Every structure is written in structure tokens, then in C-alpha cells.
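Residue strings, one per chain:
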Amino acid sequence: MPRDVVEHLRARIPDHVVHREFPGETVVLNLETGQYHGLNATAGRMLAALVDADSIGLAAAALEAEFAVSRSTLGRDLIELCKALAARGLLQFDDVRTA
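Residues numbered from 1 in each chain as written. Predicted model: local features only at pLDDT ≥ 70, side-chain atom pairs only at ≥ 80, totals over all residues. Heavy atoms only, no water.

Let us now look at the environment of Ala48. With respect to the element layout, Ala48 can be found in helix H2 (residues 41-52). Sequence separation of Ala48 and Thr26 is 22 residues, and the distance between their C-alpha atoms is 9.6 Å. (Helix = DSSP H or I, 4+ residues; strand = E, 2+ residues; numbered from the N terminus.)

The structure is reproduced here in C-alpha cells:
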């Protein structure tokens, strides 16, 4: 999916998913499958930024101030995290341009 399209999506955690932050780790549980997934501190922070922001692009902008990486690297990593979580049913998206 092109990055310019992805940046206009809003990420949200589905109703069948719960998550909890611990020191150094975030645990995400899919209640439909019973599977849980552990995210390291960086991925956990990215998830928090994704669900707090009005779009993936705005989440990337907010995280850019926190992480010492280029915007392109951060954007690529954020999109890969989104794809991985969505593939596991842990994240869904809405297009903010049509909302």
C-alpha cells in the first residue's frame, strides 16, 4: 500500500482486542483467538501513538520528536508494525479522508 495512502488512515484497536502496558513491554490479547502478542517498548510506544493520533501520518510526526531516526525510517517501521498487527487482527483502520 502506498505510504501517502497509509498516512491518511486512522488506526484503532478492535473491540475484541485488549492491551496493557508493562515496564518495557506491551501485551496485546485477541479475545477471539485467545492469542496474546508481546511488543517491546518501542513497538508499544508506537501502538499508543497510533491509537491516540487522528491518523498514521500524525502519529509518525509525534513519534519523530521522540525517536532519533529519520522520518522515512520511522514511517517505514510504523507501516510495518501496522501491517503486522492488522494481519493478526489486532488493529483496524478507517480512512480519515472519508470520515
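Having put the structure on the table, let's press on.
Moving on to the sheet that holds strand S3 (residues 25-30). Sheet strands associate in pairs through backbone hydrogen bonding, adopting either a parallel or an antiparallel arrangement. One open sheet accounts for 3 strands, arranged S2-S3-S4; its pairing is antiparallel. A strand with exactly one partner marks an edge of an open sheet, and here the two such strands are strand S2 (17-22) and strand S4 (36-40). Pairwise comparison of adjacent strand axes, ignoring direction, gives a mean angle of 20° for this sheet. Of the strand pairs in this sheet, S3 and S4 are connected by 5 bridges, and their pairing is antiparallel. Within S4, the residue paired with Val27 across the bridge is Gly38. In the packing of H2 onto the sheet, contacts are made with S2, S3 and S4, and the angle to S4 comes to roughly 105°. (Pairing = 2+ DSSP bridges. Axes fitted to C-alpha atoms, helices over the stretch in contact; angles between N-to-C directions. Contact = heavy atoms within 4.5 Å.)

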